[in-house]
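Geometric and topological summary
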Amino acid sequence: MLPVALLLVAAAGWTVWRCLPADENGMIASAVIVETHSWYELCADGRPVIFFTSLADDSTAQNIASTSEAVRKTDLNAGCWINRMAVLPSCSGRIVTANPDSTLKSGDAKLIAKTARNTTASLLKSLKAENYELDYYLRVHGVQDDGYASVAALSMKMKKMMRQAEAALKILNSISPTRHLTLRRRCLCKAFYRDETGRIDSLVCIRRTVSHDRRAMLIQTADGIVPSSAHPQTIVPWWTKDDNEILVTGFGGMAYSSMESLKTAPFIVPGRKHGPVHDVPRLLAPDGSPVFASRGRFLGIVIGNRIFGRRDIKRLLRQEGGWL
């Protein structure tokens, strides 16, 4: 009976502690950088055969290749360690973050394959013509000529693009009309965080679920590990009054490709909100940054100029399934 009583006391103590507003250290320790690699796969009878980065409105595949490594699109967002339940330590490596695939498109796989075949053939023809001109320049000029090294480097890049286009076209031409074609979107995630010493470490994650409006997603470390330095946030089961003053755990400059870096350290950015709309610049708070009330109560995460709030996160957690 005593161990049960101790367990209940410990659970009650943990609940009270976690439901208290976060201090500055807790706000910073709740934030994480999420690196996402995404791409499309055209599958024949369930097996991936061709890969591309994106899909235009007219079902034209963009950046087609025979390997996924050549077409992966990389996004960096912030994220927040999150507990699944308010009364128990239930993070198990869960992170709520922005979904970089918010404009996911679908289309007729056979039409996509046909269009990809035509565009790849046209691209290859153009590349061969340009490569011929570069080869001619390199034949009639010498290394002592100005610009020769730059043209030689461009020629090597052009030949690599030709090999990729040739490999993709060969696969597309080999697809039998009788094979069942499907389109699939793939997403690989990794969470980067700082340990107690400030050293940057990472954990591979899997995507658990995406919100109905596709603005946010829930990911989880592959083995359910929560770093000891992390401070998962809890969605308290009661309504709390707060003012319009907010604090955001941001990563300066990470929202822009020319400035993004996994070495960016989190810091607290003050701001204001009006309903779900906030005024914190994206330069300071990229999508997925945790948002807190001025007294430290967790409010949600930043997505665009709006806050993806606690109720939204609660629905996202429910989508995962199981008891909640």
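You'll find the structure just up there.
Source: prediction; values computed, not measured.

Calculation notes
Starting afresh in each chain, residues are numbered from 1 along the sequence in its written order. Only residues with pLDDT of at least 70 get local features here, since the model is predicted, and only at 80 or more are side-chain atom pairs given and counted; chain-wide, interface and lining totals rely on the full set of residues. To obtain the side-chain values, all non-hydrogen atoms of the structure were used and water was disregarded. For helices the rule is a DSSP run of H or I covering at least 4 residues; for strands it is a run of E covering at least 2, with both sets numbered from the N terminus onward. In what follows, a contact means two residues having at least one pair of non-hydrogen atoms within 4.5 Å. Surface exposure here means Shrake-Rupley accessible area, sampled with a 1.4 Å probe, where a residue is shielded only by the protein chains that are shown. We call a residue buried when its accessible area falls under 20% of the maximum for its residue type, exposed when it is over 50%, and partly exposed in between, using a 1.4 Å probe and counting protein chains only. We call two strands paired when DSSP finds no fewer than two bridges between them. By construction, the arc corresponds to the directions joining the helix axis to the C-beta atoms. Disulfide: a pair of cysteine sulfur atoms within 2.5 Å of each other. Between the rings of Phe, Tyr and Trp (Trp by its six-membered ring), a pair exists once the centres lie within 6.5 Å; its type follows the angle of the planes, with under 30 degrees stacked, over 60 edge-to-face, and the other angles tilted. The criterion is that NZ of a Lys, or CZ of an Arg, lies within 6 Å of the ring centre and within 35 degrees of the ring normal, and then a charge sits over that ring.

1. Some details on the overall build of the chain
On a plain count of helices and strands, the chain comes out with five helices and 14 strands. Taking as baseline every contact in the chain between residues at least 6 positions apart, the subset at least 24 positions apart corresponds to 68%. Split by element, the accessible area of the chain, about 17000 Å² in all, is 56% carbon and sulfur.

2. Regarding the pairing of strand 13 (residues 298–303)
Consecutive side chains of a regular strand alternate in pointing toward one face of the sheet and then the other. Counting buried positions over the six residues of strand 13 gives six, a clear majority of the element. Counting the residues that bridge the hairpin from strand 12 (residues 290–293) to strand 13 gives four residues, and of these Gly-296 lies at a positive phi of roughly 100°. One ladder, built from four bridges, connects strand 13 with strand 14 (residues 306–309); its direction is antiparallel. Looking across to strand 14, one finds that Val-302 is bridged to Ile-307. Connecting strand 13 to the next strand, strand 14, in antiparallel fashion are two residues, including Gly-304 with a positive phi near 65°.

3. Some thoughts on helix 5 (residues 310–319)
Among the residues of helix 5, Arg-310, Ile-313, Leu-316 and Leu-317 are the ones counted as buried. Taken down its axis, helix 5 places every buried residue within 115° of arc, on the same side. For helix 5, the exposed residues set more than 90 degrees away from the buried face come down to Arg-311 and Arg-318. Residues of helix 5 that are buried in the fold lie against strand 5 (94–98), strand 7 (200–210), strand 8 (216–221), strand 13 and strand 14. Among the residues trailing helix 5, Gly-321 stands out with phi positive, at a value near 95°.

4. A look at the state of the cysteines
By definition, a disulfide links the sulfur atoms of two cysteines through a covalent bond. Under the defined criterion, the tally for this structure stands at zero disulfides. As a non-bridged cysteine, Cys-189 has Cys-187 as the owner of its nearest cysteine sulfur, 3.7 Å distant. Its sulfur unpaired, Cys-205 is 6.6 Å from the next cysteine sulfur, which belongs to Cys-189. On the basis of relative accessible area, Cys-205 is assigned to the buried category, the value being 6%.

5. Considering the packing of aromatic side chains
Enumeration according to the criterion identifies two aromatic pairs in this entry. Ring geometry for Tyr-40 versus Phe-52: centroids 5.3 Å apart, planes at 5°, classification stacked. With Tyr-40 in strand 1 (residues 31–44) and Phe-52 in strand 2 (residues 47–55), this residue pair connects regions lying twelve residues apart in the sequence. Each member of the pair, Tyr-40 together with Phe-52, is buried. Above the ring of Trp-39, the side-chain terminus of Arg-72 is found at 4.4 Å from the ring centroid. The lysine or arginine in question, Arg-185, covers the ring of Tyr-40, its NZ or CZ lying 4.2 Å from the ring centre.

Function-wise, these values are silent; they only describe arrangement.
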